[in-house]
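Fold and geometry: a report
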Amino acid sequence: METPPELEAAADDQNDVTITNREYEGESVIAVDFGPTGAKPSVDVVGDTAIVTVDGNQFEFDVPSDASDVTVNDGILTIKG
């Protein structure tokens, strides 16, 4: 699964954003850490669009077609597919 370009752009614009891609047995995971903002991110999925809000900033991206789950856990946005 490829990282949505909007998240890559957010990582490029903000030094604290880190994106990690992992491949496990039959599963892809994209993990996005928004850094030490002091605020926990939240995510809402509306149709094919995910909206992440963290520390007053909002990021929107198209959910990858092969994604099965988009969640936030312990401050990390996770996209599984």
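Preceding this paragraph is the structure being described.
**Focus: the overall build of the chain**
Along the chain, the regular secondary structure elements total one helix and seven strands. What you see for the chain is a C-alpha radius of gyration of 12 Å, in line with the 12 Å of a compact globule of 81 residues. Seen along its three principal axes, the alpha-carbon backbone of the chain occupies a region of about 35 × 25 × 20 Å. Across the 81 residues in the chain, those meeting the buried criterion constitute 28%. Of the contacts formed within the chain by residues at least 6 apart in sequence, a portion of 40% connects residues at least 24 apart. Carbon and sulfur atoms provide 39% of the accessible area of the chain, an area that totals close to 5000 Å².

**A few points about the nonpolar core**
Residues Val32, Phe34, Phe61, Leu77 and Ile79 are the most contacted members of the largest nonpolar core, which totals 15 residues. Among the elements that make up this core, the one with the highest residue count is strand S4 (residues 49-54) (three residues).

Basis of the calculations
In this convention, every chain numbers its residues from 1, walking through the sequence in written order. It should be noted that, the model being predicted, local features are given only for residues of pLDDT at least 70 and side-chain atom pairs only at 80 or more, the latter also being counted only at that level, while totals for whole chains, interfaces and linings use all residues. Hydrogens and water molecules were not included; the side-chain quantities draw on all heavy atoms of the structure. A helix here means a DSSP run of H or I that spans at least four residues, while a strand means a run of E at least two residues long, and both kinds are numbered starting from the N terminus. Computation of the radius of gyration draws on C-alpha atoms alone. For the globule rule, the value is 2.2 Å times the number of residues to the power 0.38. Relative accessible area decides the class of each residue, using a 1.4 Å probe on protein chains only: under 20% of the type maximum gives buried, over 50% gives exposed, and in between gives partly exposed. Every residue pair with non-hydrogen atoms within 4.5 Å of one another is taken to be in contact. Shrake-Rupley sampling with a 1.4 Å probe provides the accessible areas, and residues are treated as covered by the protein chains on show and by no other component. Here, nonpolar core refers to any group of buried Ala, Val, Leu, Ile, Met, Phe, Trp, Tyr and Cys residues whose side-chain atoms link them within 4.5 Å.

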